[in-house]
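Spelled out from the first residue to the last, the chains are:
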Amino acid sequence: MTEPFIHLRNVRKVYRKGHEEFLAISDATFDVMPGELVSLVGPSGCGKSTLLKILAGLHGHDGGEVRIGSSAHAFDPSRDVGMVFQAPLLLKWRRILDNVLLPAEILGLPMAAARERANGLLALVGLSGFEDKYPYELSGGMQQRAAIARALVHDPKLVLMDEPFGALDALTREKMNLELLRIWKESGKTIVFVTHGISEAVFLGTRVVVLTAGPARMADNFEIVLPYPRTLEMKTQERFGDYTRRIYKLLGME
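Residues numbered from 1 in each chain as written. Predicted model: local features only at pLDDT ≥ 70, side-chain atom pairs only at ≥ 80, totals over all residues. Heavy atoms only, no water.

1. A short note on the nonpolar core
If you look at the biggest cluster of nonpolar residues, it comprises 49 residues, and the most contacted ones within it are Leu122, Ile148, Met161, Ile191, Phe193, Val208 and Ile247. The biggest single contributor to this core is helix α6 (residues 140-152), with six residues. Ignoring any residue separated from it by four or fewer positions in sequence, one finds Val208 in contact with Ser39, Val41, Ala201, Val202, Asp220, Asn221, Phe222, Ile224 and Ile247. Residues Ala24, Leu52, Leu55 and Leu158 belong to the second largest nonpolar core, which totals 28 residues. (Core = buried A, V, L, I, M, F, W, Y, C linked by side-chain atoms within 4.5 Å. Buried < 20%, exposed > 50% of the residue type's maximum accessible area, 1.4 Å probe, protein only. Helix = DSSP H or I, 4+ residues; strand = E, 2+ residues; numbered from the N terminus. Contact = heavy atoms within 4.5 Å.)

2. Digging into the side chain of Glu163
Mapped onto the fold, Glu163 is located in the loop between β6 (158-162) and α7 (170-187). Buried charge without a partner: Glu163 forms no salt bridge, and the closest opposite charge is Lys48, 4.1 Å away. Those residues in contact with Glu163 that lie beyond four places of it in its chain are Lys48, Gln86, Val194, Thr195 and His196. (Lys, Arg positive; Asp, Glu negative; His and termini not counted. Salt bridge = Lys/Arg side-chain N within 4 Å of Asp/Glu carboxyl O.)

3. Remarks on the environment of Ala167
Along the chain, the position of Ala167 falls in the loop between β6 and α7. Among the residues examined, Ala167 registers a relative accessible area of 60% and is labelled exposed. Taking the C-alpha atoms as reference points, Ala167 and Ala146, 21 residues apart in sequence, are found 15 Å from one another.

4. Some words on the sheet that holds strand β9 (residues 216-223)
As summarised here, the arrangement of the nine strands in space is β4-β1-β2-β9-β8-β3-β7-β6-β5, forming an open sheet in which the pairing is mixed. Each edge of the open sheet is held by one strand with a lone partner, namely β4 (63-68) and β5 (81-84). Strand-to-strand twist across the sheet, computed as the mean angle between neighbouring axes with direction ignored, equals 20°. Strand direction decides the pairing type here: strand β8 (residues 207-211) and β9, joined by five bridges, are antiparallel. Within β9, the residue paired with Leu211 across the bridge is Met218. Set on the sheet, α6 makes contact with β5 and β6; between it and β5 the angle comes to about 170°. (Pairing = 2+ DSSP bridges. Axes fitted to C-alpha atoms, helices over the stretch in contact; angles between N-to-C directions.)

See the structure below:
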């Protein structure tokens, strides 16, 4: 039996300021299997981003168990995590190829191989021919494609995405959802995708983890039984509607 790539059990996180404490996560419990694309969905401020930072090794936790990787292979967050944020965060003075290469430079990877991989990733995300452009010459969706390529350039084991399409217009967001699914299938990466969009969570995820209003507590964790490749037409199907209604009910929106 395959062991989980991510194992969280009763995870708790407290922020402290002076003598005051703020409970950000009260109880997070779920597993992510290798190669899954798991959506974390919940209302704004419920602790989704905090949970992502714990997975990235940027924050510690104050209770429970966090295990990432397998017993056979050690997990190093600085090397094995790629992150994509809501804003592309591209360096405006660097060309697109050089932006994508930034993690490889920071990690001291062999640059000839990294450059070849970066060019391949730009092709994967549909940006061939834009290697020498500057960020301001690309649309918002194209900049976010470059950010995804940058997150993959050092060949991480885990990709964490924190509402990466939240700032895009609705049409571009739909297109990027389809692109992400294609990239995920072709790259084979394990992805945890944070969103407050219920439809987006269902459309993308192999499974959806529903978090309640902060402090975050897992309200449900269920598989999305929809075939791949996913199509926008699926959003009109009764099964898709059943999943979204299930989440609405969990979040007290029915």
